[in-house]
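Report on the structure
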Amino acid sequence: LFWLSLNVWLFWKTFLLYYQGLQYYYLHQMLGLGLCVSRASASVLNLNCCLVLLPMCRVVLAFLRGSRKVASRKTRRLLDKSKTFHVTCGVTICIFSVLHVAAHLVNALNFSENYSEDFLALNAANYRGEVSQLHLLSVLVPGLTGVIMVLVLFLMCTASTYAIRVSNYDIFWYTHNLFFVFYMLLMLHVSGGVLKYQTNLEEHPPGCFNPNKTLRDNMTVPKAFEELFPDYTTEPFPEDLSVPEPFVQNNFMRICSEEPKFQSHFPETWFWISGPLCLYCVERLYRYIRSNKPVTITSVISHPCNVLEIRMMKDDFKARPGQYVILHCPRVSALESHPFTLTMCPTDAKATFGVHLKVVGDWTERFRDLLLLHSNQDTEILPIFQQRHYPKLYVDGPFGSPFEESLNYEVSLCVAGGIGVTPFASVLNTLLDDWKCYKLRRLYFIWVCRDIESFRWFADLLCMLHNKLWQENRPDYINIQLYLSQTDGIQKIIGDKYQALNSRLLIGRPRWKLLFDEIAKCNRRKTIGVFCCGPNKISKILHKLSNSSNSYGTRFEYNKESFS
């Protein structure tokens, strides 16, 4: 609502500027409201085209999120909305682009019908009555670039819908990279200089009397001009009447000392987009240099339910729990890359880091086939001496995410749905190494899965952490609750190896309201961080409960990442 209000306010202020501004009087007489609407929508587009790139500067966001001196907790939580802000700017660009195009179509018609014989510099048409709008759009640089930009924007918007992203992510990926073409065309689009403003208002006030030309009858005077010159009159002088200077001044008639001069606007779009565009390009160059060396894959593990684990090593790679990386395998796709949350972070004792990925699309299927090319078993750890058989894999990152804050609360509630457990796996691995150095003193871990086999992804990790805390006399440090939403095949469940998890396995779905009440009762007057990675349905429920009040003075702060 705030961003919508800001855009509407900017639109209205710019509309009034062109509607009341004296320097646009003659152009407004020719184009009417089409001028005001086109320029007002252009100002909104400039703002959003400038800011839509900033949420994609991942390195900058990761730096701000990781710097305690630069960003407070509230600021870091605001950075979690970067994806939502990016989408909001994109939708705004689409809406006001439609308005901008419609206004310019009206302008093209008005340029033809209101061809000015007196002020030829203002004309965009070749002659009066040139109604071929296609001709106007084709001979002008703004018209050509505008048409192409509309097509590019249409492809980017339609391919960004949820249905296309889920069914064919490749289409979304390739069309979204057309943004570079869009910005290049945008820079050319504003260089046409079709719309002009008057520069010599003092020498030629709009509607003034020019003794060297026939006085134009029935001239409309702008309201803003009437306010500046209340005694001004447009009544013509007799043709045989000489008009000496003192007489004109006494009767408040303004005399033109010269013809009006018009000049094209300096392209303001350059001021808006040059900074963010340069920042984004510099960051992309830095990311390319940082990730140009392939990683060393130490092992590949095939888990149940089409989940693949990759463990890697890379020189000078450092990451915090909760962060994610972008994987690029040229043998799978020359241009396509995908983000995956780290499930294991490098430490001082070990340099290995890893990710878990679910095989759900063409890219992950081809990637799995390449990695397990020499594996004949469903589950196998491939030793490091077979590294020469692996395809080259490049890692870009790490980048920040909301889950970094889970260790900075005294009490945290982590809710995972299916493969959404991956960001919390890195947190659990970090606590397994050393939990005493963090602010966190109690962790509620809720994991909901449809298939019983999915719990095996991190069953070993959960058991090791449980045993470690029992040995250190802190069994209450972590509260584990596993929910099986579907009961098919429950007999396959867990043997003696995972006995610690048997008592924590529940059938059905969590009763979220009771769960929040219980947590609030046990942690009176505390601030609890709520972290969710899973389906939107769970996310909405947790968000609503976090914002609701309770009688224990407990405050819930909601953080979320959705993979849907």
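The rules behind each value
Residues numbered from 1 in each chain as written. Predicted model: local features only at pLDDT ≥ 70, side-chain atom pairs only at ≥ 80, totals over all residues. Heavy atoms only, no water. UniProt positions renumbered as here; feature names shortened; annotations may be inferred. Helix = DSSP H or I, 4+ residues; strand = E, 2+ residues; numbered from the N terminus. pLDDT = per-residue confidence, 0-100. Contact = heavy atoms within 4.5 Å. Core = buried A, V, L, I, M, F, W, Y, C linked by side-chain atoms within 4.5 Å. Buried < 20%, exposed > 50% of the residue type's maximum accessible area, 1.4 Å probe, protein only. Patch = residues over 30% accessible without salt bridge, like charges linked within 9 Å, V, L, I, M, F, W, Y side chains within 5 Å. Areas by Shrake-Rupley, 256 points an atom, 1.4 Å probe, with all protein chains shown as cover. Salt bridge = Lys/Arg side-chain N within 4 Å of Asp/Glu carboxyl O. Axes fitted to C-alpha atoms, helices over the stretch in contact; angles between N-to-C directions. Parallel < 35°, antiparallel > 145°, perpendicular 65-115°, else oblique. Nonpolar A, V, L, I, M, F, W, Y, C, P; charged D, E, K, R; others polar. Expected span 1.5 Å × (residues − 1). Arc of directions from axis to C-beta. Phe/Tyr/Trp six-rings, centres within 6.5 Å; stacked < 30°, edge-to-face > 60°.

Labelled according to an unreviewed UniProt entry, the chain appears under the name NADPH oxidase 4, originating from Rhynochetos jubatus.

1. Some words on the UniProt feature "transmembrane region" (unreviewed entry) in the chain
The UniProt record annotates "transmembrane region" (unreviewed entry) at residues 7–25, 45–64, 85–106, 136–159 and 171–190. Secondary structure across residues 7–25 comprises 79% helix and 0% strand; the distance between its end C-alpha atoms is 25 Å. End C-alpha to end C-alpha, residues 85–106 measures 32 Å, and it is 100% helix and 0% strand.

2. Some points on the confidence of the model for the chain
The pLDDT averaged across the chain works out to 79; a share of 80% of its residues lies at or above 70. Overall, residues 214–219 carries pLDDT values under 50, and its contacts beyond four positions in sequence, including any with other chains, amount to 11 contacts. Low confidence marks residues 375–388, where pLDDT is under 50. Its contacts with residues over four positions away, or in another chain, come to 22 contacts.

3. Description of the nonpolar core
By size, the foremost hydrophobic cluster in this structure holds 41 residues, and its most contacted members are Leu31, Leu35, Cys49, Phe182 and Tyr183. Apart from the residues within four sequence positions on either side, Leu31 is in contact with Asn107, Asn110, Phe111 and Leu195. Leu428, Phe445, Trp457 and Leu482 belong to the second-largest nonpolar core, a separate cluster that totals 40 residues.

4. Side note on a nonpolar patch on the surface
Taken together, Leu1, Leu4 and Val8 make up a surface patch of nonpolar side chains, about 360 Å² in accessible area. Within the fold, Val8 resides in helix H1 (residues 2–20).

5. Observations concerning the packing of helix H4 (residues 58–66) against helix H14 (residues 269–290)
When two helices pack together, their arrangement is given by the angle between the helix axes and the distance between those axes. It is at 8 Å that the axes of H4 and H14 come closest, and there the two elements cross at 85 degrees. The pairing of H4 with H14 is recorded here as roughly perpendicular in orientation. Touching Arg58, Val59 and Val60 of H4 are Leu279, Glu283, Tyr286, Arg287 and Arg290, all from H14. Considered class by class, the residues forming the contact of H4 with H14 number four nonpolar, no polar and four charged.

6. Quick notes on helix H3 (residues 33–51)
Think of an α-helix as 3.6 residues a turn; residues three or four steps apart then line up on the same face. Across its 19 residues, H3 extends 28 Å between first and last C-alpha, which sits within 8% of the 27 Å expected from 1.5 Å per residue. Most of H3 sits out of view: 17 of its 19 residues are buried.

7. Points about helix H15 (residues 362–371)
Looking at H15, one finds that the buried residues are Trp363, Thr364, Phe367, Leu370 and Leu371. The buried residues of H15 occupy an angular sector of 125 degrees when the element is viewed end-on, so they sit on one face. Residues of H15 that are buried sit in contact with strand S3 (296–303), strand S4 (307–313), strand S5 (324–328), strand S6 (338–344) and strand S7 (353–358).

8. Some thoughts on the packing of aromatic side chains
Counting across every chain of the model gives 21 aromatic pairs. Ring centres of Trp3 and Phe85 lie 5.2 Å apart, and the angle between their planes is 70 degrees; this geometry places the pair in the edge-to-face category. A residue pair is termed long-range when its members are at least 10 positions apart, and Trp3 in helix H1 and Phe85 in helix H6 (residues 82–113) qualify at 82 residues. You can call Trp3 buried: its relative accessible area is 13%.

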